[in-house]
Amino acid sequence: MPPGISIRAIDNRKIVSDSPNMALQEVQRGFLFLLESLHQEEQLICFIRCKCRLPPLCDDERIEIRDGKGYFKKKELLKCLISKGELTCSEFLETFRSYRNLYSQFCIAKQSVIQADGLLQDIALTNDRLVDYAELLLEEMEPGPMSDILFCYGVLNSAELLEINSDNLKRRQSAKLLLDKTREQPDKMPVFCHALVKTRCSRAIEYIRNGVNESLPLFRRDSVRCVTFNFRKLIKNLGKCKFRKEFLFQYMRRRGYIDYDTEPKECMTLIKAGIRGRKPGCDCIWEFTRQQDLALLETMFGLLDERKAHPRSKINLSLGIEVLSEKRDFFLEQLEPTPISHILLEEEAFSVDDHDAVNNKKNRREKIEALLDILKNDGSELTFETFIFALHNNIFIMNNLQPGAEIQTADHGSTENEIQVREVGLPQRSEDTETAAELHVIVSIPVEGDEERIRRAVEKLKIDSNFKVEVAQVSHLMVESVDMGSVVLRLVAMTDYASERLLAENGENMKKLVETFLKFSDLKEDMIKGNIKVTVLVPEEEIGSDDQTMASDKEIKVKENWNMLVEELEPSILAKKLLEKGVLNDSDITAINSENTRKGKVECLLNMLPSVKGIDAYAALFESLHELGKTDIVDQIKPSENMHQEAEKVRYGLLSRLKEVIDEIESEFIEETFKQCGFLENPMDKVKSDMSKSRKERALNFLMSIFVNDAYVLAFKNVLDSYKLNPLYELKMPIDESIFSKSPRTTRKRSKGEKLFECEYKVIRKGEEVEDSHMTQEAAYSKMDWESYGLLESKRQPDESKPKRFEPKKRHIKLEPKPRSMHQAQAAVQPKRIFGRSGDDGSKEEWWSVVVALDFGTTYSGYAFWRKDNDPLDITPGKWKTESKEVLESLKTPTSLLLNKENKIIEFGFEAEKIFKELVEDGNDEEYRFFRQFKMLLHDKNSFNMDMLIEDHLHNPIKALDVFSLSIQYLKDECIELFQKKHINVANDEILWILTVPAIWDESAKQFMRKAAEQAEIPSDQLKLALEPEAAAIYVVKGAKTVFGKESVTTVRPGTKIMLADLGGGTADLTVLELNEDKTMKQLHRSFGGAWGGNLINKKIWEIMTDVFGKEVIDEFKKLTADYIDMESNIELRKRDISTGSKLQLQILPSLADLCKTKKGKGYKQLVTESGYTNVKVRTGKLSFEPDLVEEIFDLTFTNLYTNVEKVLHNQNMKGIKDIILVGGFAQADFIVKQFKERFSRYNVIIPTDPVLAVLKGAVMFGQDIDIISSRITAHTYGFDSMRYFTEGIDPRSKKRKIDNTFYCVDVFEKTVAIGDSVDVGKTVKKEVFASSKDMKLMVLNFYQSDKKDPEFVTDDSCKCIGKLSVEMPDLSGGTERSVMVSIKFGETEIEVCGEDKTTGKKQETKLNLLGDTK
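All values derive from a computational prediction rather than experimental measurement.

Q: So what exactly am I meant to see when it comes to the overall build of the protein chain here?
A: Helix and strand counts for the protein chain come out as 60 helices and 38 strands. Every one of the 1415 residues in the protein chain was classed for burial, and the buried ones make up 53%. Once local pairs closer than 6 in sequence are excluded, the contacts in the protein chain between residues at least 24 apart make up 73%. Of the accessible surface of the protein chain, which amounts to about 65900 Å², a share of 47% is contributed by carbon and sulfur atoms.

Structural data, given as structure tokens:
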């Protein structure tokens, strides 16, 4: 056949131009073959990339293409080749011919296209009939794969192909462009039909084959009844797709059933227009539905035929105009007008005009009034019967309409007397409590009196929606439960600052809460006896939907944009993309392709995503769409970075108008929000299940379920927008909107049930005197019942067999002080230093003979020492025998202490745990006291005193100071014993002791450790505290090697900035330091961190084991202390050694297996199988956590750590940091190292070869050079109370005092140094303070600290008294001109102050007391 001739495929001849000499057309004809097979010869791909001037393939790309996964990359490559033109295509074919096997296949495929083989001949579609199927084709076609086929067969050229696949076009626009190009070439229609079949446009093919009229049912006479009866179903189905609504609008407009030009926003308007037009109008809707959704039409007639065959049953309840008037208020409160008016229209009790009269009103109450008026004016029995039918599913309303039923009305009293509520005592506060949402706030109100009355009040409050609404509006807290004892309100924080809001305003908000409680409970304020206790804690269970796991933000955004995605996505190419990414598998692709419509395929694909395991399916979806050029879709469905701020603003708005919001909520709102959030398969099931409750109660419960998630809140906002109710979430009163840009909703990972804050409030009635706040705090402490902490008598029966006895460990070494002359003994001796910088008098700088560091850790402890004659890096750590066969010796030992009943040391460390296990097995442990991992007590406490208690394994209390002191004493004695073994002769007063403490600890915790060390007989002037991350930094800078080679990390030059992270068992402790020119270091950022240590992994593992085996099994297992310790030790060892991609396996102890049978009646294997954890297995007697679960555990545990590191690194003042150094026991974990390197890839992540000993050895080096840290960032603002002359109009009158005829302003905070200031170590600040009266003989200065930069008065909430200084002023001759020079020395671990009477020269020195004891 001559070149250039084309005829139809139904004549079984060629359909594309035959131009064999044109290389470009050859490549075009083989386009589909090359798309599928080009990867078989990698050199061809490299050739094309070279010609297209693209970079060579990287290894990952090469592997991907070799495996056939680079479909989309091949497609872009071929398009690029074709765009280069004839010459490049000719060169490609010349190269291609050398690959004979593949080239021969290419020629066969090319010839098949030329001959038009395989084109279908049973689809009689002509250009004239294409218009009849245009709307159907626009809905069903996938322009991407369709255009590829049409391009291959020559229907489209390369420019047209690019135009159709442009990123700027919507799917429907691309499909329309493709149709237009096809219409221009009528002879190519068979190719078009072939493309429809190849792209699986099944529904379109079926319609074309059978013909439109042949495939649709005949018209029925009852179209009006059908459309009216299925009013809600049509709204639901036609509203899913805006293009379908648009098409219906054009369809009805062309036929003259509507006469307006603008498309209405709601499809309900179009359906009502059809019903108004009676049969012609409903026939129009029927005809449209026949063509667009045959299944819907069949369902509609099925429902109508079912109703005709089985009319609705009559409900045995009479209702008339009289009842309507009598219960009008009840109806206004409870009815939902939208669904009721829909049903009344469907049942033909309402006309379209009646329906409009109701639904054109603005708010719910107005709609109800309109509805009731229509019912009243109609008055017919049939209409009222239909009204009852519309209500019959609402159990609450039907019960209240029964004869004799009494409708409960709200009758709330008011508080007769005025009250005030003041905070008393010192609150125990977590520093991030105020920014935490979803917390539980427990308010215990001590009510005394008539028990029955109190019980009735509690029962009333439990079900009183008005009470719950008012509490929420006042406090931003939702009432979860009300219980006896006396009365306990369990509240849930619904906004970030709800907890702080309740406890702020000097008790004003607490007062409102108490008044609300009294108002709705009908109890009197004089029944409140004692202080109201407020506790903020982490909930035991997650708040939210109780019947399914909460959807992620990404999933909710997809659900929210579901209709748009169903309209826009091309399922075949998206499925192929997700297959390449491992999200879908071959069986998933088969399931998607089995769907009959394009939309069905898209919905099938999207519904698969939530069940994908081991990969973030939604992130892969966003990435795939982005790679396919659908960035506009990604921008629309991807959660906003500011989502939390937007949601928090909506929360505040909703809560400010909560009563209005609840008054508006209908079931439709709930259903649509749930549907967007992906709560349930059928959202109405959730709504119907609550119909036994009042509308207000359902609305309140609904709000509680959505408030916990940002995406849920924004979904509800969208629903309100769709009903034009956006004023409901607008802020009622102006507010500082900067709070919405502050901290995230969840600030750190918390343990379930963890207590975060506790305080007490006192109710002060009118006429009572308000006590001074300082006196109130002292009174609160004086009333504490310390007797309740007495030792508990053991209830165990002694074993008849003779128990083992363990005697206190005896030490045979006692070091005597070095003899001194009488003069030296009487003189004050300055501590000796090593490597110190020159001071005022260099002669005082001497060498300590030995430096000993004691590293007292949460999980493990140890010691190390250095002798002055040795090299500074020659540091000797202590060694401990273990019970492990794998590791015989360890450089650290568990922080476990065993005492006898007389509180004498039996053992410490490995040996303590070994002996304790034996005691437990023999039943003799009641004679002893065992403590482990107790250091975290100092992190969890916000205030300390000398009498603070700690409990042993039997919950018998002992002074915490004694436990810490005995442990330090043991480490000290072990070290001294090692001196004797090594024949090291050293006098006691020639040892400098260094005790490590976390830098993030409060000053009082550090002083507590000093007190414990002094009680362990370590002299105060021979003791220094070393901050753990600083010590580790010293070790690194002074010559530690890294795991990356033999090079030292000391490439650190002056000006180098490093971040040091000490990742221990209990805490993560971080600091940022810079090296100075003189080799000292200065701190650049306040030490930061938290309880984010490795023990959180243990806690998470125990939580999973609790889920698997049951709480009762694990609780009982933990009582088997010996086995529990074994399991804990096993977890500790395994978690440190595990590498990425590995399983975590734990031996299932026989006692645990037995408990599963006795408590659950099932074997542990069965419990694991039934647990629902697909990634927890049983392997040869071991519990195996699969790699994906292990990774999830590590990710969840350390999210807060990574977030805080990121935050500090982004601080403007931290620019220049290049190295992040990881030390501590958990720095060895492969997972942690990998995460740090991935998250902070711009930085050098460095791990010393012995990260476990970094702090210990660094502490010794700190002892060698005490002045190596030149400056620190202050953690608080410090100052003392003073007075100044009173200034009228400026100073508050409450601070005005008259002394010697002079008015002073008292309680002034005289600042000496501010929080965040960089203070040189040893810096002395001097302040001159004058006598305020002529006869002052003693000046008393109280010192304070504050977390605010500029506190004004020492009575401010942020101020805390930390000590006082008294200076005698016996000489009165100078009157008020006399003064005291106050010197405050900062930078050390203690603050030293000195006061000098300038008249007499007499000095008084003290160290500020941070422990709260007044002894």
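Here the narrative resumes.
Q: Would you mind showing me how to read the sheet that holds strand 14 (residues 905–908) here?
A: Sheet strands pair by backbone hydrogen bonding; their relative direction is either parallel or antiparallel. As summarised here, the arrangement of the three strands in space is 14-13-15, forming an open sheet in which the pairing is antiparallel. Across the chains shown, the open sheet's two edge strands, defined by having one partner strand only, are strand 14 and strand 15 (928–932). Each strand of the sheet is rotated relative to its neighbour by a mean of 15 degrees, with strand direction disregarded. Bridge analysis of strand 13 (residues 896–900) against strand 15 gives five bridges, and the strand direction is antiparallel. Opposite leucine 899, over in strand 15, you have arginine 929 as the bridge partner. Most of the contacts of helix 49 (residues 960–981) go to strand 14, to which it runs at about 65 degrees, and overall it touches strand 13, strand 14 and strand 15.

Q: Hey, could you run me through the packing of aromatic side chains in this one?
A: The description of two aromatic rings rests on the distance between their centres and on the angle between their planes. Following the criterion strictly, the structure yields 29 aromatic pairs and no others. Pairing phenylalanine 702 with phenylalanine 716 gives two aromatic rings, centres 5.2 Å apart and planes at 75 degrees, and the pair type is edge-to-face. Of the two residues, phenylalanine 702 sits in helix 43 (residues 695–707) while phenylalanine 716 sits in helix 44 (residues 710–722), which places them 14 residues apart along the sequence. The two residues phenylalanine 702 and phenylalanine 716 agree in class, both being buried. For the ring pair phenylalanine 856 and phenylalanine 934, a centre distance of 5.9 Å and an interplane angle of 50 degrees mean the geometry is tilted. Highlighted residues: phenylalanine 856 in strand 7 (residues 850–856) and phenylalanine 934 in the loop between strand 15 and helix 48 (936–940), separated in sequence by 78 residues. No difference in accessibility class separates phenylalanine 856 from phenylalanine 934, as the two residues are buried. Here the aromatic residues Phe33, Phe92, Phe96, Tyr103 and Phe106 are joined through ring pairs into a cluster of three or more. The cationic tip of lysine 1296 hangs over the ring face of phenylalanine 1303; the distance from NZ or CZ to the ring centre is 4.5 Å.

Q: In this structure, what is going on with the nonpolar core? I would like to understand it.
A: Here is a general trend for soluble globular proteins: nonpolar side chains tend to be buried in one another's company. With 62 residues, the main nonpolar core has Met1059, Met1105, Phe1109, Phe1185, Phe1194 and Phe1236 as its most contacted residues. Of all the elements, helix 52 (residues 1095–1109) adds the most residues to this core, at eight residues. Beyond its immediate chain neighbours, meaning those up to four positions away, phenylalanine 1109 contacts Ile1114, Leu1152, Cys1156, Lys1160, Tyr1164, Leu1167, Val1168 and Leu1183.

Q: Looking at this structure, I do not really get the side chain of threonine 386. What am I missing?
A: Note on placement: threonine 386 falls in helix 26 (residues 381–391). A relative accessible area of 2% means that threonine 386 is categorised as buried. Here leucine 382 takes part through its backbone oxygen, which lies 2.9 Å from a polar atom of the side chain of threonine 386. If sequence neighbours within four positions are ignored, threonine 386 has contacts with Arg312, Leu344, Glu347 and Ala349.

Q: What is the right way to look at the pairing of strand 31 (residues 1302–1313) in this model?
A: Successive side chains on a regular strand alternate, one facing one side of the sheet and the next facing the other. Judged from the seven bridges that link them, strand 29 (residues 1277–1285) and strand 31 form a sheet pairing that is antiparallel. The residue bridging phenylalanine 1280 from the neighbouring strand is glutamate 1310, located in strand 31. Taking the residues between adjacent antiparallel strands as the criterion, strand 30 (residues 1296–1299) and strand 31 are bridged by two residues, where aspartate 1300 takes a positive phi near 50 degrees.

Q: Where do I start with the packing of helix 53 (residues 1111–1119) against helix 55 (residues 1150–1160) in this structure?
A: In a pair of packed helices, the angle between the axes and the distance between the axes together describe the arrangement. Across the interface, helix 53 lies against helix 55 with an axial gap of 9 Å and an inter-helix angle of 135 degrees. The angle between helix 53 and helix 55 places the two elements in the oblique class. Both helix 53 and helix 55 take part in a crossing whose hand is right-handed. Here Glu1112, Val1113, Ile1114, Glu1116 and Phe1117 of helix 53 lie close against helix 55, whose contacting residues are Ser1151, Leu1152, Leu1155, Cys1156, Lys1159 and Lys1160. Across the contact of helix 53 with helix 55, the residue classes tally to six nonpolar, one polar and four charged.

Q: Before we go on, may I ask you to explain helix 60 (residues 1254–1264) in this structure?
A: A turn of α-helix holds 3.6 residues, and therefore any two residues three or four places apart point the same way. Of all eleven residues making up helix 60, eleven are buried, and the element is well covered by its neighbours. Three or more residues of helix 60 are buried, namely Ala1254, Val1255, Leu1256, Lys1257, Gly1258, Ala1259, Val1260, Met1261, Phe1262, Gly1263 and Gln1264.

Q: What exactly am I supposed to notice about the environment of glycine 302 here?
A: Within the secondary structure layout, glycine 302 lies in helix 20 (residues 294–309). Take glycine 302: its relative accessible area is 36%, and that puts it in the partly exposed class. Sequence spacing of glycine 302 and cysteine 226 is 76 residues, and the spatial spacing of their C-alpha atoms is 9.6 Å.

Q: Before we go on, may I ask you to explain the sheet that holds strand 25 (residues 1182–1185) in this structure?
A: Taken in spatial order, the three strands of this open sheet run 23-25-24, and their pairing is antiparallel. Looking at the sheet topology across the chains shown, the edges are occupied by strand 23 (1144–1147) and strand 24 (1176–1179). Geometrically, the sheet is characterised by an average inter-axis angle of 25 degrees between neighbouring strands, direction not taken into account.

Conventions adopted
- Residues numbered from 1 in each chain as written.
- Predicted model: local features only at pLDDT ≥ 70, side-chain atom pairs only at ≥ 80, totals over all residues.
- Heavy atoms only, no water.
- Helix = DSSP H or I, 4+ residues; strand = E, 2+ residues; numbered from the N terminus.
- Buried < 20%, exposed > 50% of the residue type's maximum accessible area, 1.4 Å probe, protein only.
- Contact = heavy atoms within 4.5 Å.
- Areas by Shrake-Rupley, 256 points an atom, 1.4 Å probe, with all protein chains shown as cover.
- Pairing = 2+ DSSP bridges.
- Axes fitted to C-alpha atoms, helices over the stretch in contact; angles between N-to-C directions.
- Phe/Tyr/Trp six-rings, centres within 6.5 Å; stacked < 30°, edge-to-face > 60°.
- Lys NZ or Arg CZ within 6 Å of the ring centre and 35° of its normal.
- Core = buried A, V, L, I, M, F, W, Y, C linked by side-chain atoms within 4.5 Å.
- Polar contact = N/O pair within 3.5 Å; in protein donor to acceptor, adjacent residues only side chain to side chain.
- Parallel < 35°, antiparallel > 145°, perpendicular 65-115°, else oblique.
- Left-handed = near helix turned anticlockwise from the far one by under 90°.
- Nonpolar A, V, L, I, M, F, W, Y, C, P; charged D, E, K, R; others polar.

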